[in-house]
Structure formats: C-alpha cells, structure tokens
Amino acid sequence: MDENAHTKYRKLLDFCKDLPPTRTAVAHPCDESSLRGALDAARLGLIAPILCGPRGRIEGVAKEHELDLAGIEIVDAPYSQASAAKAVDLVREGRAEALMKGSLHTDELMGAVVGREGGLRTARRISHCFVMDVPGHDQPLIITDAAVNIAPDLKCKVDITQNAIDLATALGAKEVRVAILSAMESVNPDVPSTLEAAALCKMADRGQITGAVLDGPLALDNAISPEAAAIKKITGPVAGRANVLVVPDLEAGNMLAKSLSFLADADAAGIVLGAKVPVILTSRADEETARLASCAVAQLLVAARKASAAAAIQ
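Values in this document were obtained by computation on a predicted structure and should not be read as measured data. All chains use their own residue numbering, which begins from 1 and follows the written sequence. Only residues with pLDDT of at least 70 are given local features in this predicted model, and only at 80 or more are side-chain atom pairs given and counted; all residues enter the totals for whole chains, interfaces and linings. Side-chain measures were taken over the full set of non-hydrogen atoms in the model, leaving aside hydrogen atoms and water.

1. Things to note about the overall build of the protein
Here comes step 1: Under the scheme used here, helices are H or I runs from DSSP no shorter than 4 residues and strands are E runs no shorter than 2 residues, and both carry numbers assigned from the N terminus. Per the secondary structure count, the protein includes eleven helices and eleven strands.
Here comes step 2: Here the globule rule is a power law, 2.2 Å times the number of residues to the power 0.38, and the radius of gyration is based on C-alpha atoms. Taking 2.2 N^0.38 as the reference for a compact globule, 314 residues should give roughly 20 Å; the C-alpha atoms of the protein span a radius of gyration of 20 Å, in line with that estimate.
Here comes step 3: If one aligns the C-alpha atoms of the protein with their principal axes, the spans along those axes are about 60 × 45 × 40 Å.
Here comes step 4: The buried label goes to any residue with under 20% of its type's maximum accessible area, the exposed label to any with over 50%, and the partly exposed label to all in between, with areas taken from a 1.4 Å probe on protein chains only. Classification of the 314 residues of the protein by burial places 53% in the buried group.
Here comes step 5: Residue pairs in contact within the protein that sit at least 24 positions apart in sequence constitute 70% of those at least 6 positions apart. Note on definitions: a residue-residue contact is assigned when non-hydrogen atoms from the two residues lie within 4.5 Å.

2. Side note on the packing of helix H4 (residues 80-92) against helix H5 (residues 106-114)
Here comes step 1: Axis separation between H4 and H5 bottoms out at 9 Å; the angle between their running directions is 40°. Considered as vectors, H4 and H5 are oriented oblique to each other. Pair H4 / H5 crosses with right-handed handedness. For the pair H4 and H5, the contacting residues are Ser80, Gln81, Ala84, Ala85 and Val88 in the first and Glu108, Leu109, Ala112 and Val113 in the second. Only C-alpha atoms enter the line fits that serve as axes; for helices the fit covers just the stretch in contact. Angles between N-to-C directions range over 0 to 180 degrees. In what follows, roughly perpendicular refers to angles from 65 to 115 degrees, roughly parallel to angles under 35, roughly antiparallel to angles over 145, and oblique to any angle outside these ranges. Definitions for this section: a left-handed crossing has its near helix turned counterclockwise from the far helix by less than a right angle. A right-handed crossing has that turn clockwise.

3. Notes on the environment of methionine 184
Here comes step 1: Of note, methionine 184 is situated in the loop between strand S7 (177-181) and helix H7 (192-205).
Here comes step 2: The exposure class assigned to methionine 184 is partly exposed, which follows from its relative accessible area of 25%.
Here comes step 3: Once residues within four sequence positions are removed from consideration, methionine 184 is found in contact with Val191, Thr194, Pro217, Leu218 and Ala219.

4. Observations concerning unusual backbone geometry
Here comes step 1: With an omega dihedral of -5°, the bond running from threonine 144 to aspartate 145 counts as a cis peptide bond.
Here comes step 2: Along the chain, aspartate 145 falls in the loop between strand S6 (141-144) and helix H6 (154-170).
Here comes step 3: Put simply, glycine 216 and proline 217 share a cis peptide bond, and its omega is 5°.
Here comes step 4: Even without glycine at this site, glutamate 66 takes up a positive phi of about 55°.
Here comes step 5: One can find glutamate 66 in the loop between helix H3 (55-64) and strand S3 (73-76).
Here comes step 6: With a relative accessible area of 74%, glutamate 66 lands in the exposed category.
Here comes step 7: A positive phi angle is found at aspartate 265, which is not glycine, with a value near 60°.
Here comes step 8: Looking at where aspartate 265 falls in the secondary structure, it is placed in the loop between helix H10 (250-263) and strand S10 (267-273).

5. What about the nonpolar core?
Here comes step 1: In these notes, a set of buried Ala, Val, Leu, Ile, Met, Phe, Trp, Tyr and Cys residues joined through side-chain atoms within 4.5 Å is what counts as a nonpolar core. The biggest cluster of nonpolar side chains holds 56 residues, and the ones touching the most others in it are Leu35, Leu46, Ile142, Leu167, Leu214 and Ile271.
Here comes step 2: Of all the elements, helix H11 (residues 288-312) adds the most residues to this core, at nine residues.
Here comes step 3: The residues contacting leucine 35, other than those within four sequence positions of it, are Pro29, Leu51, Ile58, Val61, Ala62, Leu67 and Leu69.
Here comes step 4: Counting 24 residues, the second-largest nonpolar core is a separate cluster that includes Ala27, Leu90, Ala112 and Leu281.

6. Thoughts on the pattern of salt bridges
Here comes step 1: In what follows, salt bridge is the name for a side-chain nitrogen of Lys or Arg lying within 4 Å of a carboxyl oxygen of Asp or Glu. A full pass over the atoms with the stated rule returns 14 salt bridges.
Here comes step 2: Its salt-bridge partner being glutamate 97, residue arginine 23 comes within 3.6 Å of it at the nearest N-O pair. Residue arginine 23 is located in strand S1 (residues 22-27), and its partner glutamate 97 is located in the loop between H4 and strand S4 (98-101); the two are separated by 74 residues in the primary sequence.
Here comes step 3: Residue class for glutamate 97 comes out buried when judged on its relative accessible area of 11%.

7. Re the side chain of threonine 282
Here comes step 1: By the secondary structure assignment, threonine 282 is in the loop between strand S11 (279-281) and H11.
Here comes step 2: Assessed through its relative accessible area of 9%, threonine 282 is described here as buried.
Here comes step 3: Definition of a polar contact: a pair of N or O atoms within 3.5 Å, with one able to donate and the other able to accept a hydrogen when the atoms are protein atoms, and with sequence-neighbouring residues admitted only if both atoms are side-chain atoms. Here arginine 291 takes part through its side chain, which lies 3.5 Å from a polar atom of the side chain of threonine 282.
Here comes step 4: Each residue touching threonine 282, except ones within four places of it in the same chain, is listed here: Lys101, Arg291 and Ser294.

8. Description of helix H2 (residues 32-43)
Here comes step 1: The length a helix should cover is 1.5 Å for every residue beyond the first. In a regular helix each residue adds 1.5 Å, so twelve residues correspond to 16 Å; H2 covers 16 Å between its end C-alpha atoms and thus fits that length.
Here comes step 2: Positive phi shows up at glycine 45, right after H2, with a value of about 80°.

9. Here's the deal with helix H1 (residues 7-15)
Here comes step 1: For H1, the set of buried residues is Lys8, Tyr9, Leu12 and Leu13. For H1, the angular spread of buried residues about the axis comes to 140°, placing them on one side. The arc in question is formed by the directions pointing from the helix axis toward the C-beta atoms.

10. Section: the environment of aspartate 133
Here comes step 1: Tracing the sequence through the fold places aspartate 133 in strand S5 (residues 127-133).
Here comes step 2: Among the residues examined, aspartate 133 registers a relative accessible area of 3% and is labelled buried.
Here comes step 3: Separated by 95 residues in sequence, aspartate 133 and alanine 38 place their C-alpha atoms 21 Å apart.
Here comes step 4: In terms of polar contacts, aspartate 133 uses its side chain to reach the side chain of lysine 8, at 3.2 Å.
Here comes step 5: Side-chain polar atoms of aspartate 133 contact the backbone nitrogen of tyrosine 9, separated by 3.2 Å.

11. Remarks on the sheet that holds S3
Here comes step 1: The pairing criterion is simple: DSSP has to find at least two bridges between the two strands. With respect to topology, eleven strands assemble into an open sheet ordered S3-S2-S1-S4-S11-S10-S5-S6-S9-S7-S8, the strand pairing being mixed. Each of the sheet's edge strands pairs with one partner strand only, and the pair in question is S3 and strand S8 (213-218). Taken pair by pair, the neighbouring strands of this sheet meet at an average axis angle of 25°, ignoring direction.
Here comes step 2: For S4 and S11, the ladder comprises two bridges, and the chain directions are parallel. Bridge pairing in S11 links leucine 99 to valine 279.

Written out as structure tokens, the structure reads:
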C-alpha cells in the first residue's frame, strides 16, 4: 500500500487516542466484516460495542473466523429489524451514545432511527456525510448528502449544510469552507440548484446557517482547485479551497463520492447526522481503515457534543 495513503485518516485516529471509547450499539453484526469491524474498533479504543442480534449467529460467525468475543455484551434479537429496534432502544435508554450498522440493510437501520414512535428524530433533518481521504489532496473532503435525502429542497439543504458544518467543526477544522455545488458558477434561473445555492449563501449572511463561510453556486473544479478558480476569476475564501461540498441531490453526491473512491483511490468514512446520536454507516466494500475512520468520526462527534453541553451549563 502507498505510504501516503490514509494519512488524513491516520491523523483522525490519532486525535481519538485520548478520548474514551464511545458506547455503541451495533445492529445485527452477523457476518465477518461487520463483526470484525466492530471488534477492531473496540480493540483500538474507538468504541465500546454492544452487539444487537441473534446470539447464536453472532457467536457462530465469531467461532468460524476466530474472533474473540470475551467481555463483549450481546443483546439477543431474533432478526435484522428487531436488531435495529433493539439498538435504537439502547440509545433511548441512555446505554449507547452511537449506532453502528452491521450486516443488515441500511433501510432497516434507518427505518428504526426515523420511526415516529420510538425513533431518534430531532428538529434537524437527518442527512449523511462522507469524509473522504483523497490521495494527493491536502485536506479531507466532506461530501453531503450522498446517501439519505434523494432530492432535497431548500429547507432540507439548510439542515444538510448545517449538519456538515457541525461535523467539520467536530473534526477540528479551523475554518469551515462550504461550496454549494452545481454544474456552473453563475446563477441561472433554468438550473434550480444554482438558485438554491445563492439562497443558501444569503441565508448564511443572515445567520440562518452558522459556523462557516459559504459560496455558491460553484462547479466542482473551481470549488477544489485554486488554479481553476483563478482562471475563472472567482475569488473569496472558499473558491479552490472548499473542505465541505454540498451536492445538488443524492445522485450527484453518490456519483461524486464513488468516482473519487474508484477512480482516485479515495477512502470514504460514512456518518449519519441529525439524529439524537451519530449513526456509523459502513459498507462491506470498505477497507479496514475506512471502517475505523467512521468510528473515529462518531467518537469525535460524541466528544464535541459533550463538550458543548458542559460549556452550556457553566
């Protein structure tokens, strides 16, 4: 493996060394990759897992692949949807500070999270962020939303943007620079995403979105390339230097993230925000470092929330 690969993720893991493990309900870890991922994260002190699922299957997977379950709590649940419900219950009971996806479908876990009775909704819209480690790029890139909101309207994009800003802040970004992406950098009434980008920037000017500097519409090149921004004569703190990319819709975001992963050899740590706790979303195709980075992102989010709550009562 390239020695320069995963450098941003390694720094992320280093940031977590002095933090306590995050109590994490792992929903249905019934295959090798999901169970091993949870146990590896526990070994590094990123999470303190509570495994929710059919005890016999979990123990069988552990035995088959020689995984050590000593000291790991298992909460028995008969099938995948019940596993998701039990994991959510652990959060509501205060026993877990984060959720982690096992081998069940994402829809099954998120269905339990967003359930109107017994779910983990807040006033904020739930959205997904990829934290991308792109080789050759000098900083991590947050891409949102590429997994939850299919065709978000302006109201939804306000929460998507604010969730991403909060994430970037929790990850230690000294300045959060948000590019609202479209296919062009000019406002065009025939391209709705350019109108929404302009509106989001004005909302930030009015304090309706906080904690970052926004610019948009911006095309991808002049959002992340200083040279492209200079050629187009686009100036400002975001142009060419964005560390958060807000995409027009799920299709654009998903294709952007996967293009970086499969064409640029980038890794993508996934996290869902806007619920009462962070939700760690991993894929069976993820490498070990990306899985661990997803857990580290959740750990930093939980630590930031605790610090914010402590400051509020002082």
